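Chain residues, written in single-letter form:
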Amino acid sequence: MNWNEVIGQNDVKERLLQMVDDGRVPHAVMLCGPQGCGKMALAMAFASTLLRQGHENANTEAMLEKMEHPDLHFTFPTIKGPGMGSEHQPVSDDFIREWRELIAQGPYFTMDQWMSAMNAANQQAIITGAESDELSRRLSLKSSQGGYKVSIIWLPERMNATSANKLLKLLEEPPQQTVFIMVSENPDTLLDTIRSRTQRIDVKRIDVEAIEQALVERRGIEPDMAHRLARAANGNWTKAIEALNADNENRTFLDMFIMLMRLAYMKNVKELKKWSDTVAAYGRERQKRMLVYFMQMVRENFVYNFKNPELNYMTQDEEDFSRNFARFINETNVVELFELMQKAHRDIGQNANAKVVFYEMALQIIVLIIRK
């Protein structure tokens, strides 16, 4: 993994490289930022730089090209597979083949893609206490190459309480010449004691220009289309790539949003019940992503009323719908709509009955969407 695979983020690249050049690499770094900003790409490039120190040869490069270096350890959320015993706590090694296949496609991916790679259904992916035990065992071993040992922890906020407390002990007394690189989208949910033992680096959304350039150079997209896709992606490279796929998930979410709003406007309670049953059949992770998308659409439609294109970040299909719909999202209902969807997102995350959650949300939207 090389730095040129990271899209934009030059400030963060320089900061990480400066740590290496100065010989002041902290024992734990936390890269924090929104989905699609390149946190994992930065983590993998930084890890590769550390593992090359004093070992720049063809063998090392071959291992790093596949991210299969023996001193590089990945920790990530997992699910309980169908063949696992009742007492077995899943660990990253249980899904290492699927993980390597995913990262071989590139360092930009989503939780949805990872869940799909694991063939997950309605499970919630977590990092277990057994995973922290396994990581502790691995890091206690001597470096195979005589240099750094690097632990990349993807989405540490998904650690359960047992795992978090065990990781804290590792951070308090880190193994010699070991660097932890955490990649987090929601760091505020982590233990304060874990956060205090890491050097936090906030990764911003990718510049529109950097996404635009990457779309042209890496994907062969025409400049005008690349510009529109880059703006709609709002700093999220994975979103820009998804927009190239006509069957992408957001297209489905847009269809469900349009249907919800039209049925609510028509006060068609019977069809709203069918709509609720349909989305209730989605897995919980997908339901939460859909609600996040809905909240984004509420925001975009409200802002669309200001008639300033530079403030909007929508695809052509989204804008086509919003052209006539945006007037129904205004100062009388925008806050309540957003909070309603936010509550549904929270309830789904707490394993509430999805049919009840979505039907109640749909009924309340009837009142809000026709409010003058």
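Figured I'd write up the structure that's included with this text.

### Notes on the sheet that holds strand β3 (residues 149-154)
Spatially, β2-β3-β4-β1-β5 is the arrangement adopted by the five strands of the open sheet, whose pairing is parallel. Looking at strand neighbours, the two that pair on one side only are β2 (72-75) and β5 (199-202), the edges of this open sheet. Strand-to-strand twist of the sheet, defined as the mean angle between neighbouring strand axes without regard to direction, takes the value 20°.

### Structural notes on the side chain of S184
Within the secondary structure, S184 is located in strand β4 (residues 178-184). A polar contact of 2.8 Å, which involves the side chain of S184, links it to the side chain of E157.

### Brief notes about the nonpolar core
F46, I152 and W154 are the most contacted members of the largest nonpolar core, which totals 60 residues. For this core, the leading source of residues is helix α2 (residues 39-52), giving ten residues. In this structure, L260, L291, L337 and I369 belong to the second largest nonpolar core, which totals 40 residues.

### Concerning empty space enclosed by the protein
Inspection of the entire model under this criterion finds two cavities of 30 Å³ or more. Size it by volume and the largest cavity reaches roughly 100 Å³. For the lining of the largest cavity, a count of residues per class yields seven nonpolar, four polar and two charged. Space inside the second largest cavity adds up to approximately 40 Å³. As for the second largest cavity, its lining consists of T75, I127, E131, S132, L135, I153, M159, S163 and L167. Elements supplying a minimum of two residues to the lining of the second largest cavity: α6 (129-140) and α7 (161-172). Of the residues assigned to the lining of the second largest cavity, the class counts are five nonpolar, three polar and one charged.

### A short note on the packing of aromatic side chains
Given two aromatic rings, their pairing is described by the distance between the two centres and the angle made by the two planes. Considering all chains together, one arrives at 18 aromatic pairs under this definition. The interplanar angle of 10° and the centroid separation of 4.2 Å between the aromatic rings of F76 and W99 together place this pair among those described as stacked. Separated by 23 residues along the polypeptide, F76 in the loop between β2 and α4 (96-104) and W99 in helix α4 bring together distant segments of the chain. Accessibility classification places F76 together with W99 in one group, the buried group. Chaining the aromatic ring pairs together yields one cluster made of F257, Y265, W275, F294, F321, F325, F328 and F358. When the ring centre of Y282 is taken as origin, the NZ or CZ atom of R286, which lies over that ring, is 4.4 Å away.

### So, unusual backbone geometry
Of note, Q9 is a non-glycine position whose phi angle comes to about 55°, a positive value. Considering the arrangement of structural elements, one finds Q9 in the segment before α1 (10-22). For Q9, a relative accessible area of 12% puts it in the buried group. The phi dihedral of Q177 is positive, around 55°, even though this residue is not glycine. Mapped onto the fold, Q177 is located in the loop between α7 and β4.

Quick notes on the rules
Residues numbered from 1 in each chain as written. Predicted model: local features only at pLDDT ≥ 70, side-chain atom pairs only at ≥ 80, totals over all residues. Heavy atoms only, no water. Pairing = 2+ DSSP bridges. Helix = DSSP H or I, 4+ residues; strand = E, 2+ residues; numbered from the N terminus. Axes fitted to C-alpha atoms, helices over the stretch in contact; angles between N-to-C directions. Polar contact = N/O pair within 3.5 Å; in protein donor to acceptor, adjacent residues only side chain to side chain. Core = buried A, V, L, I, M, F, W, Y, C linked by side-chain atoms within 4.5 Å. Buried < 20%, exposed > 50% of the residue type's maximum accessible area, 1.4 Å probe, protein only. 1 Å grid on protein atoms, 1.4 Å probe; cavity = no way out; pocket = protein on both sides within 12 Å on 5 of 7 lines; lining within 4 Å. Points joined across faces, edges and corners; volume = space filled by probe spheres on them. Nonpolar A, V, L, I, M, F, W, Y, C, P; charged D, E, K, R; others polar. Phe/Tyr/Trp six-rings, centres within 6.5 Å; stacked < 30°, edge-to-face > 60°. Lys NZ or Arg CZ within 6 Å of the ring centre and 35° of its normal.

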